[in-house]
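Understanding the architecture of this molecule
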Amino acid sequence: NLTQRMSRVVKTMRGQARLTESNTQDMLREVRLALLEADVALPVVRDFVARVKEKALGVEVADSLNPGQALVGVVHQELTNLMGADLGDNASELSLAAQPPAVILMAGLQGAGKTTTTGKLAKWLSEGGHIQHGRKTGKKKVLVVSADVYRPAAIEQLKTVAAQVGVEFLPSDPSQKPADIARHALDHAKRHHFDVLIVDTAGRLGIDEEMMREIRALYDLLNPIETLFVVDAMQGQDAVNVAKAFADALPLTGVVLTKLDGDARGGAALSVRHVTGKPLKFVGVSEKLDGLEPFHPERMAQRVLGMGDIVSLVEQAQRNIDIADAQKITDKIKAGDKFDLNDFRDQLQQVKKLGDMGSLLEKLPAQFSQAASQLQGGQAEQQLRRTEGILNSMTPAERAKPELLKASRKRRIAAGSGVSVQEVNRLLNQFEQMQGMMKQMKKGGMAKMMRGLGG
Ligand code: GDP
Ligand code: MG
């Protein structure tokens, strides 16, 4: 897998100072092969590798960084982005923000899993699993209908599924036209105050124009808030052409990747996302009707990378990136720039982003982490928030020149951040100590400290 391949190259890159055309070449070849093995379509692989290359060559690698590790970091980040992290936090959520009924149209080839997913979604929504902007929106009254008039068994199948998940099923029959079924369902859902109408459709074994015209007509008639492209993860490379045909014919809003419980390597996720540009919203992980999960870009990136040890590889790279950040501070001190409360606040914000205080502090220069842990007085997270609150209540000018902070300003800051004046004083005292230590570092300990950082 990709991780094994990259680990091998990381080792050979040890001792090299920076990412260059020639040393990234080997690594990128491994990335390319691993993605092909993961069943990602060739044009997608090419694009991806080109993007990683561009990013990697633009990355400034500090001397303390192993370029191989830096490249792993870039690959992981780009992969997570391509999976949809770049679309933002809520991209994977369904939108139901429509005048009821919110219509969901299911599109995809025969056997992709449309009918099953219709049942799964109906269950998910009727049980209140739906999340919007990070919050559950409550139980929905859901109606399902089948416009698959080519196979009588298909309508029966949806009826069975609907009964299993306990949602209402609107009967239709093969003698009707799909458009008439849709019109009738919309009308029925309106009259009976359904929140959501899910319309299951017919699929062919391959892409054909008649089917595309039909589903486009359904789209125009129903004006769905969600048009979901359902695709079988096991399709691997072929998923690209199918996805392209559907994306051209319909304004898709999202993708459901089914059968991920098979031996699918997840490559289809990358391909489909790349071709449609639409977010993956759910994955199907079982034939059973509770086998639906919201999509997580990060997890899928890890699946493609080969799970497990990629995390440690990336953490290793990350640690070095932290060190590079720490080095920026020390460079600043070395250059004789003043380390002020604005810098301090930036540092705190970075620490917060990275989450785990304890392990991050270990990576900072010893003197700095000592001072910082004193500042926190143990209760890391909570204290961090208070400290940040105090810093935020200062003006940039005050942060740049703490000596401006006389009694009245301190009272204002204390009131603004909901702490006592003593606490503001304590922060300022500790910061002063920290500055003192930094001056010491500048004079004597620098060489030693830099050695420590590099090792
Ligand atoms: P449709 O033709 O697009 O409506 O596809 P169906 O919903 O009838 O599904 C085709 C087959 O795939 C059925 O046997 C389903 O049980 C199976 N299936 C659908 N989704 C999943 C899934 O996420 N995991 C597994 N293992 N099987 C699935
Ligand atoms: Mg079906």
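Quick caveat, the model's predicted, so the values are computed rather than measured.

1. Here we look at the overall build of the chain
Summing up its helical and strand segments, the chain has 19 helices and 10 strands in all. When burial is assessed residue by residue, the chain has 41% of its 455 residues classed as buried.

2. Focus: the site of ligand 1
Ligand 1 sits among 18 residues. The nearest are G113, K114, T115, T116 and G284. Counting residues per element, the shell around ligand 1 draws most heavily on helix α5 (residues 114–126), which supplies 3 residues.

3. What about the sheet that holds strand β1 (residues 102–107)?
Strand order in the open sheet formed by 8 strands is β5-β4-β6-β1-β7-β8-β9-β10, and the pairing between neighbours is mixed. The open sheet has two edge strands, β5 (168–170) and β10 (292–294), and neither has a second partner. Going from strand to strand, the sheet's axes swing by 25° on average, the running direction of each strand aside. The pairing of strand β9 (residues 280–284) with β10 spans 3 bridges and is antiparallel. Bridging from a neighbouring strand, V283 pairs with E293 of β10. With respect to the sheet, α5 is in contact with β1, β4 (142–146), β6 (196–200), β7 (226–232), β8 (254–258), β9 and β10, its orientation differing from that of β6 by roughly 170°. Across the face of the sheet, helix α9 (residues 239–249) comes into contact with β1 and β7 while running at roughly 160° to β7.

4. Points about unusual backbone geometry
Here the bond from P100 into P101 is cis, since omega is 0°, no more than 30 degrees from zero. Within the element layout of this structure, P101 appears in the loop between α4 (67–82) and β1. One non-glycine residue, H193, lies in the positive phi region at around 55°. We classify H193 as exposed; it has 9 C-beta atoms within 10 Å. The residue N223 is not glycine, and still its phi comes out positive at about 45°. As for its placement among the helices and strands, N223 is situated in the loop between α8 (209–222) and β7.

5. Some remarks on the environment of F246
Within the fold, F246 resides in helix α9. Separated by 39 residues in the primary sequence, F246 and I207 place their C-alpha atoms 8.5 Å from one another. Beyond its immediate sequence surroundings of up to four residues, F246 is in contact with A107, F229 and L252.

6. So, the pairing of β7
Most of β7 sits out of view: 7 of its 7 residues are buried. As judged from the 4 bridges shared by β1 and β7, these two strands associate in the parallel manner. The residue of β7 that forms the bridge with L105 is T227. In this sheet, β8 lies alongside β7 in parallel orientation, the contact comprising 5 bridges. Each residue of the ladder has a partner; that of L228, found in β8, is G254. Note on the crossover from β7 through α9 to β8: the handedness is right-handed.

Calculation criteria
- Residues numbered from 1 in each chain as written.
- Chains lettered and ligands numbered in written order.
- Predicted model: local features only at pLDDT ≥ 70, side-chain atom pairs only at ≥ 80, totals over all residues.
- Helix = DSSP H or I, 4+ residues; strand = E, 2+ residues; numbered from the N terminus.
- Buried ≥ 20, exposed ≤ 12 C-beta atoms within 10 Å, placed from the backbone.
- Near = placed C-beta within 6 Å.
- Pairing = 2+ DSSP bridges.
- Axes fitted to C-alpha atoms, helices over the stretch in contact; angles between N-to-C directions.
- Contact = placed C-beta atoms within 7 Å.
- Right-handed = clockwise from strand over helix to strand, strands pointing away.

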